[in-house]
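A closer look at the structure
Here are the chains, one letter per residue:
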Amino acid sequence: MCKAEKSLYQRKLWEMKVKFLGGGDSSKIDKFKNSLVSKSRMSLWMIRAMTVLLLWSCFVHLVAVGGMWGPRLLKGWPSCFNHHHDFPMAAAAQELASLPIKIALPPKRIYHNNGYLMVSCNGGLNQMRAAICDMVTIARYMNVTLIVPELDKTSFWNDPRLLLLLLLPSISHSELLLLLLKVVDGCSYVSSEFKDIFDVDHFITSLRDEVRILKEVPPRLKRRVELGVYHTMPPISWSNMSYYQDQILPLVKKHKVLQLNKTDTRLANNELPVEVQKLRCRVNFNGLRFTPKIEELGRRVVKILREKGPFLVLHLRYEMDMLAFSGCSHGCNRYEEEELTRMRYAYPWWKEKVIDSELKRKEGLCPLTPEETALTLSALGIDRNVQIYIAAGEIYGGKRRLKVLTDVFPNVVRKETLLDSSDLSFCKNHSSQMAALDYLISLESDIFVPTYYGNMAKVVEGHRRFLGFKKTIELNRKFLVNLIDEYYQGMLSWEVFSTTVKAFHATRMGGPKKRLVIPNRPKEEDYFYANPYECLQLLHENENADSVDETK
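In this report, we go over the structure that sits alongside the text. What you see is a predicted model; the values in this text were computed from it and never measured. (Residues numbered from 1 in each chain as written. Predicted model: local features only at pLDDT ≥ 70, side-chain atom pairs only at ≥ 80, totals over all residues. Heavy atoms only, no water.)

For the rest of this paragraph, the subject is the sheet that holds strand 4 (residues 231-233). With respect to topology, five strands assemble into an open sheet ordered 3-2-1-5-4, the strand pairing being parallel. At either end of the open sheet lies a strand with only one pairing partner, and these are strand 3 (213-214) and strand 4. Pairing geometry for strand 4 and strand 5 (residues 257-260), over three bridges, is parallel. Its bridge partner being in strand 5, histidine 231 is matched across the sheet by leucine 258. Relative to the sheet, helix 4 (residues 125-142) contacts strand 1 (116-119), strand 2 (145-147) and strand 5, its axis offset from that of strand 1 by approximately 170°. (Pairing = 2+ DSSP bridges. Helix = DSSP H or I, 4+ residues; strand = E, 2+ residues; numbered from the N terminus. Contact = heavy atoms within 4.5 Å. Axes fitted to C-alpha atoms, helices over the stretch in contact; angles between N-to-C directions.)

As a further point, take the pattern of salt bridges. Using the criterion set out here, one finds 31 salt bridges in the structure. Residue aspartate 446 pairs with arginine 306 through a salt bridge whose shortest N-O separation is 2.7 Å. Residue aspartate 446 is found in the loop between helix 19 (431-444) and strand 9 (447-450), and its partner arginine 306 is found in helix 12 (residues 292-306); the two are separated by 140 residues along the sequence. Residue aspartate 446 is classed as partly exposed on the basis of its relative accessible area, which comes to 29%. Overall, the relative accessible area of 10% leaves arginine 306 in the buried class. The partner of arginine 401 in a salt bridge is glutamate 371, and the shortest N-O contact between them spans 3.0 Å. Here arginine 401 is found in helix 17 (residues 398-408), whereas its partner glutamate 371 is found in helix 16 (residues 370-379), with 30 residues between them in sequence. By relative accessible area, which is 22% here, glutamate 371 ends up partly exposed. (Salt bridge = Lys/Arg side-chain N within 4 Å of Asp/Glu carboxyl O. Buried < 20%, exposed > 50% of the residue type's maximum accessible area, 1.4 Å probe, protein only.)

This next bit is on the pairing of strand 1. Side-chain alternation along strand 1 places Tyr116 and Met118 on one buried face and Leu117 and Val119 on a second face that is also buried. In this sheet, strand 2 lies alongside strand 1 in parallel orientation, the contact comprising two bridges. Directly across from leucine 117, in strand 2, lies its bridge partner leucine 146. As paired strands, strand 1 and strand 5 are joined by four bridges and run parallel to one another. Across the sheet, valine 119 pairs through a bridge with leucine 260, a residue of strand 5.

Structure below.
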């Protein structure tokens, strides 16, 4: 009965629709059916489109929020998730991530040009690197055009031939031959230019929203520069920005072209505006990129090391030139002491000639010897099977002096042992390019340990802080050498010695901390590039934490 009523109801409803459409006109019925189908399809399409738009909107918002609130420094922090070389996909992804990313160029900064600033950097690679960062910053705030800096062409650290000429009158032929083998091998015969070490085009374009940089002076001034018709001077060390605004800028405006011929430590560590400090960081960590050839070789060395596990970079500053310059001869025999002394007296730019080596060592002013280094690393609990990459030139005394270190840590390697000689041929006679390679590998290491607090140690330490406070063991040499002497004299057991070394250095691992500021004594305070805390995100988040109170 119910079924019959339902059927009758549907029939009546159909007859009403037919009448409404004009009796039995089949064309109108077909149109009606088609309209119903098209409307249903349109509704389905709209629902799908709205769903896709909604999902895409959610995705974009999530990415934006992640980029805004995600910890910038931690994104590049090494962890157990970063080095899965056992999985081809992960290894391939890591290789792709290491390739330079092409980004849109920043817009050029438009400003009235007050003149042209030429710069002649002095010192080794990392001393010049810091100087370049300072000079870019100074040029930006004086509103001048910077000419791509000229690198040191006269320093001993770049050309030992000058030293050999000075030594000729005072040494025998046999001694000269030995010195040639020790000093010249692996050192620079050809001075590197900026473009040989750094990617000059990236340097210019990546900073163009801050300062105009040219590869050379404009044609209308080129002849004038070639004739030497320009003002040249060394700026005062550790100066603030007011010095450059009040004293240097008027000279640029007057002479149109000004050359600063000394650039090391010419800008203060502290009491500078935050935007000035951040620009120094930007130049250092983004503007200065090594040439593609050096970067590719660095990635290859890191890949070779990573395939065998974690590795430690040891900046063993125990080369002949360093020992002669510092007057440190602890552990050397009598002949070696005399050889180092002759070198120090032969080089006129090294002002200090008479040096008490043992007194200087006790004050912590000498690099650790290979023997002291082996003892220190063991006391710190470094795994004897870890790979140790030596970032340095030729070690004075060669394999004989390294034997104690290699006996304790058998997996000691160098770039020369990891690569074919053909791979290093392009930088074999360029010490600054070899140092650039060591710099890249030092940044990527699991642990970085410098045995002397020179320019490379400081700049690498600061860069590793920027990369996520990567472990850098800041050795206190004054503390260590006195403790080592007590251990050798039998005054301390190994357990007490090791425990003391670990406890003392527990807070010296490259973590967040404020710079030590000593008014009117800039040489004694913390170096800006070793700890550019104004540029380190995590430090501002933990300013009240105990770690900030670390002291040297």
